[in-house]
Amino acid sequence: MSKNYFALPQLSLRFLPIWRRNYMVWKKMAGPSILGHLADPVIYMLGLGYGLGGMLPEISGMSYIAFLSAGTVCYSTMNSASFEALYSGFARMHEQRTWEAILNTPITLDDIVLSEIFWAASKSLLSGIAVLLVIWILGLAHSPLSLWIIPLSLLVGLCFASLGLIVTALAPGYEFFMYYFTLVITPMTLLCGVFFPVDQLPAMLQTISAMLPLTHAVDLARPLLNNAIPVNFMTDIAVLAGYALVGFYVSLVLFRKRLAQ
Amino acid sequence: MNSVIRAENLLKIYAGQRVVDGISLAIVRGECFGLLGPNGAGKTTTLRLLLGLIAPDSGHIELLNHAIPGNAREARLRVGVVPQMDNLDPDFTVAENLMVYGRYFGMTDASIEARLPELLEFANLTHKRDVKVPTLSGGMKRRLTLARALVNDPDVIFLDEPTTGLDPQARHLIWQRLRELTARGKTLVLTTHFMDEAERLCHRLAVMDNGRIISQGSPRELIADNIEPQVVEVFGEQAADWAKNHAANHTERFETSGESVFCYVRDAHPLLLELQQHPELRYVHRPANLEDVFLKLTGREMRE
């Protein structure tokens, strides 16, 4: 552990055994987990896509359900990583004292935080693949470009895992997470083009939207599913990666402070 | 000297309070060293400092020739820890807990697998190998935690209140196992507030209070250095009155606590003759023990 809370993270592959531990736990409950990853987006896409979509004309040159499918990929991967980093991460850090046990071995807090981020991003990856399968089955995307959704899911996962861990590092208990979901995640879902195009929003909200990571995820996912190369893909990737890196560093500093007590 | 752990002048301040206040220790290979003290004395914080889990505000630590906390990671490859609070993985079986923990030390699955039978045997958990942790009794969980701390075959094992909350049978089994470990040349560092545990297990002890070491030595030395060798405990409703009028004449020192009077003497004979004059009093004559030392050094008042 560092004497200096603000030291740069020391990266190593020592996080892999922790990732493997989490995978072993997950494997025991894989059935319900995979069902959740599949059922949730299917219900949204079918319910809103066909229900609401039936009343709507084409949006941005595509059917509403096709429009919504890109939003759903991003929204599902965001949620998977967020839930894992907040609720499950908190359980491992606080309730089960898993971190405490691991810190008594030659593994450092830097490794643990990295493992949490990669584990939560792995859940996003799984979620992204599940939604992509549904999209393919429903015939909403055909081009090989849609395969880029898979690495995108991982990137979105890294981004929201890192941001979520900041909240976990500050949380006194599980109740605290409601603030994050109500004040950050839900507004983000509505501001970032998941359910409707961002240009429907007032100018001021559009400015905010442009700064939010989910907007950039949607800006990548929507053209990719519609057989087009995203216009500003370098910017979008940079924003998502930037949030991930800043989130990792800030959460690590906060965890160092928290665990030094 | 063949010291495994050396600490000099450790200071740790939390919220303006000196939780560890100038502690120095030298622990040698193969000994069982005990940190004894009331709740809040700074025992756990001292362990956390020695392990490099927290950094001291000042002072110097060496663990297995590694500077701590700077090279704590390297040192912990050769260290095992039994924490105060259970932190086994509840989702896993007994064997899975050991497997997963071994991987944190960079061990291969094959090498952990090879150690499993011996570890399970040591913990008396061979028959529970594939049982999930939540169904284990408190004693079994403790033994599993001990086995887990041994997965990397460490040279030094830290134990934070290893038998707190266990029934006597479970406690005796843990003690037996800890003695086996020292017999094999392992170094043990444990915290406890059980005097019998400290007296039975520890070659040397440091009594801590308010973040300081107030006395240090073997259990016998601590008794010889700090207290008269004989104790007579006098009980009964009249004990306090008797003490007020007579105790000073027959004892080196005495303390009244409720309806009991603790009389400390070098030679108990005159006191016992005196007590025979008072049939209303009951008494017990015994040699002084660590608990007497502990209470003398840290006081009789409650710590909360």
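Fair warning: this is a prediction, and the values are worked out from it, not measured in the lab.

Engineer: For the interface of chain B and chain A, give the residues involved together with the corresponding values.
Structural biologist: Between chain B and chain A, the residue contacts involve 30 residues of the former and 25 residues of the latter. In this assembly, chain B packs against chain A so that about 2,600 Å² is buried in total across both faces, 56% of it on carbon and sulfur atoms. Ranking the residues of chain B by area buried against chain A places B:Arg73, B:Arg103 and B:Tyr104 at the top, with a combined share of 26%. Between chain B and chain A we count 3 salt bridges in total. Taken together, the connections running from chain B to chain A amount to 9 residue pairs in polar contact (both at pLDDT 80 or more). Of all the secondary structure elements, the ones that give two or more residues to the side of chain B that touches chain A are α1 (43–51), α2 (72–76) and α3 (94–104) of chain B. In terms of residues, the side of chain B that touches chain A owes the most to one element, α3(B), which gives 5 residues. In terms of residue class, the side of chain B that touches chain A is built from 17 nonpolar, 2 polar and 11 charged.

Engineer: Outline the sheet that holds strand β9 (residues 204–209) of chain B, listing residues and values.
Structural biologist: Residue and element names in this part refer to chain B. Pairing in this open sheet of 6 strands is mixed, and the strands run β6-β7-β8-β3-β9-β10 from one edge to the other. On the outer flanks of this sheet lie β6 (79–82) and β10 (212–217), each paired with one strand and no other. Averaged over all adjacent pairs, the angle separating strand axes in this sheet is 15°, with direction ignored. Where strand β3 (residues 32–36) lies against β9, 4 bridges are found, and the strand directions are parallel. Pairing of Gly34 across the sheet is with Leu205, part of β9. Against the sheet, helix α6 (residues 168–183) touches β3, β7 (156–160) and β8 (187–192), its axis set at about 150° to β8.

Engineer: How would you summarise the confidence of the model for chain A if you had to cite specific residues and measurements?
Structural biologist: On average, residues of chain A carry a pLDDT of 94, and 99% of them reach 70 or more. Across chain A, helix α6 (residues 149–170) of chain A holds the top mean pLDDT of 98, while helix α2 (residues 30–52) of chain A sits lowest at 88.

Engineer: Please provide a residue-by-residue account of the side chain of A:Thr98, values included.
Structural biologist: Secondary-structure assignment places A:Thr98 in helix α4 (residues 98–103). On the basis of relative accessibility, which here comes to 5%, the residue A:Thr98 falls in the buried class. Setting aside its immediate chain neighbours within four residues, A:Thr98 contacts A:Arg21, A:Arg92 and B:Asp89.

The rules behind these values
- Positions within a chain are numbered from 1, following the residues in the order the chain's sequence is written.
- Each chain gets a letter, beginning with A, and each ligand a number, beginning with 1, in the order they are written.
- A pLDDT threshold of at least 70 governs which residues receive local features in this predicted model, and a stricter bar of 80 or more applies before side-chain atom pairs are shown or counted, although totals over entire chains, interfaces and linings include all residues.
- Side-chain descriptors were evaluated using all non-hydrogen atoms of the structure, hydrogens and water having been removed beforehand.
- A contact between two residues is defined here by any heavy atoms of the two lying within 4.5 Å.
- Summed over both partners, the accessible area (1.4 Å probe) lost when two parts come together is defined as the buried area.
- Criterion for a salt bridge: a side-chain nitrogen of Lys or Arg within 4 Å of a carboxyl oxygen of Asp or Glu.
- Within 3.5 Å is the distance limit for a polar contact, defined as a pair of N or O atoms, with the added protein rule that one can donate a hydrogen and the other accept it, and that residues adjacent in sequence qualify only through two side-chain atoms.
- Strands are runs of DSSP state E lasting at least two residues, helices are runs of H or I lasting at least four, and both sets are numbered from the N terminus onward.
- In the scheme used here, Gly and all other residues not listed as nonpolar or charged are polar, with Ala, Val, Leu, Ile, Met, Phe, Trp, Tyr, Cys and Pro taken as nonpolar and Asp, Glu, Lys and Arg as charged.
- The pairing criterion for strands is at least two bridges between them, as found by DSSP.
- Axes here mean lines fitted to C-alpha atoms, for a helix over just the part in contact, with angles spanning 0 to 180 degrees between N-to-C directions.
- pLDDT gives the predictor's per-residue confidence on a scale running from 0 to 100.
- Only protein chains enter the calculation, and the probe is 1.4 Å; a residue is then buried if its accessible area is under 20% of its type maximum, exposed if over 50%, and partly exposed in between.

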